[in-house]
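Residues per chain, in single letters:
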Amino acid sequence: MKKIKVIIAGPRGRMGREAVKLVEATENYQLVAAIDYKYDGKLLREIEGFHALEVPVYGDVEKCLSEIEADVLIDLTTPEIGMHHTKTALWHGVRPVVGTTGFSKEDLAELQATCEEKELGCIIAPNFALGAVLMMKFSQMAAKYFKDVEIIELHHDQKLDAPSGTAVKTAEMISAVREQKNQGHPNEKETMQGARGANFEGMHIHSVRLPGLIAHQQVMFGSDGQTLSIRHDSYNRASFMSGVKLAVDTVMKLDTFVYGLENIIE
Ligand SMILES: NC(=O)C1=CN([C@@H]2O[C@H](COP(=O)(O)OP(=O)(O)OC[C@H]3O[C@@H](n4cnc5c(N)ncnc54)[C@H](OP(=O)(O)O)[C@@H]3O)[C@@H](O)[C@H]2O)C=CC1
Ligand SMILES: O=C(O)C1=N[C@H](C(=O)O)C[C@H](O)C1
């Protein structure tokens, strides 16, 4: 059986550590390198927690991809470096699976153009948890009938980006079907800046950050005399791994750009 050769960028991170476990536990995957700027030139086993892994670590993605033959690069880092990793992978003919959030619309357009030029698969997944993907799909269904909606996303307090990638994707999916409306009273005024959250095409997104949380989102719809709440909770990072596996398996068969797992699940 030919193994899928995988590189993981961000192996020391909360998601990166789970992804290393997933790749190690999957029979037809082979971890061929890791990208971590703090451990350039070392082996993965020299990083705390990775005892037996004789896998080279590179600080620089360009050097890594020139020296290592790989099929897929999984990126779980930060938006700036994640964008650089993703573009470089595509230039080297390696398919990216990206969980990193915080990419701009322009970043996504640039990646899509590069994929099309290279005719290479690339999956950008703002949320790998299948329950979260369903929460987004159900919210899109509800938005056809309820045009008043508030998105409340709740995360751990080490998260760098706000709103979350999931909240942005949810708002985009809702906006594709929702009758345009500027919500709230036309004369409403914030007496404290930010009280109404971020405004995405007239709907509001609220970001909660607290220790103890992992990743949660509630989408609340309201209409005359009723509300509808659709909520998803991730209680650990293992919740994301079946989606990472689905993305790795799928990207190997793709020659196009995919933004969101809802586009690849049945
Ligand atoms: N799509 C999804 O389902 C999910 C996506 N995410 C997203 O994934 C990303 C990572 O999240 P999380 O694991 O919680 O974050 P962490 O901060 O725990 O991990 C990020 C890792 O990237 C490392 N890093 C930073 N710069 C570089 C670089 N130049 N080269 C290599 N590694 C680098 C960090 O190292 P150091 O800290 O030393 O700088 C850290 O180890 C975030 O964007 C988050 O929003 C998270 C959960 C689920
Ligand atoms: O940073 C996180 O933790 C998460 N990030 C993703 C996002 O921004 O939506 C996915 C999930 O919510 C966890």
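- If you check an unreviewed UniProt entry, the protein appears there as 4-hydroxy-tetrahydrodipicolinate reductase from Robertmurraya siralis.
- In its Subcellular location (unreviewed entry) section, UniProt records this for the protein: "Cytoplasm".

## Describing the overall build of the protein
Step number 1: Per the secondary structure count, the protein includes 7 helices and 12 strands.
Step number 2: Taken over the C-alpha trace, the protein has a radius of gyration of 20 Å; the compact-globule value for 266 residues is 18 Å, and the two agree within 12%.
Step number 3: The buried share of the protein, taken over its 266 residues, is 50%.
Step number 4: At a minimum sequence separation of 6, the contacts of the protein that also span at least 24 residues come to 69%.
Step number 5: For the protein, the accessible area works out to roughly 13,300 Å², and carbon and sulfur atoms hold 51% of it.
Step number 6: The positive charge centre, built from 29 side chains, and the negative charge centre, built from 37, are 3 Å apart in the protein.

## Section: the pairing of strand β2 (residues 29-35)
Step number 1: Counting buried positions along β2 yields 6 of 7 residues, so the element is predominantly enclosed.
Step number 2: Bridging between strand β1 (residues 4-9) and β2 involves 6 bridges; their strand directions are parallel. Opposite Ala9, over in β2, you have Ile35 as the bridge partner.
Step number 3: Here β2 pairs with strand β3 (residues 57-58) via 2 bridges, running parallel. Bridge pairing in β3 links Ala34 to Val57.

## Some points on the packing of aromatic side chains
Step number 1: Considering all chains together, one arrives at 1 aromatic pair under this definition.
Step number 2: One Lys or Arg, Lys169, reaches over the ring of Tyr259 and ends 4.0 Å from the middle of that ring.

The rules behind these values
Residues numbered from 1 in each chain as written. Chains lettered and ligands numbered in written order. Predicted model: local features only at pLDDT ≥ 70, side-chain atom pairs only at ≥ 80, totals over all residues. Heavy atoms only, no water. UniProt positions renumbered as here; feature names shortened; annotations may be inferred. Helix = DSSP H or I, 4+ residues; strand = E, 2+ residues; numbered from the N terminus. Rg over C-alpha atoms; globule rule 2.2 N^0.38 Å. Buried < 20%, exposed > 50% of the residue type's maximum accessible area, 1.4 Å probe, protein only. Contact = heavy atoms within 4.5 Å. Areas by Shrake-Rupley, 256 points an atom, 1.4 Å probe, with all protein chains shown as cover. Lys, Arg positive; Asp, Glu negative; His and termini not counted. Charge placed at Lys NZ, Arg CZ, Asp CG, Glu CD. Pairing = 2+ DSSP bridges. Phe/Tyr/Trp six-rings, centres within 6.5 Å; stacked < 30°, edge-to-face > 60°. Lys NZ or Arg CZ within 6 Å of the ring centre and 35° of its normal.

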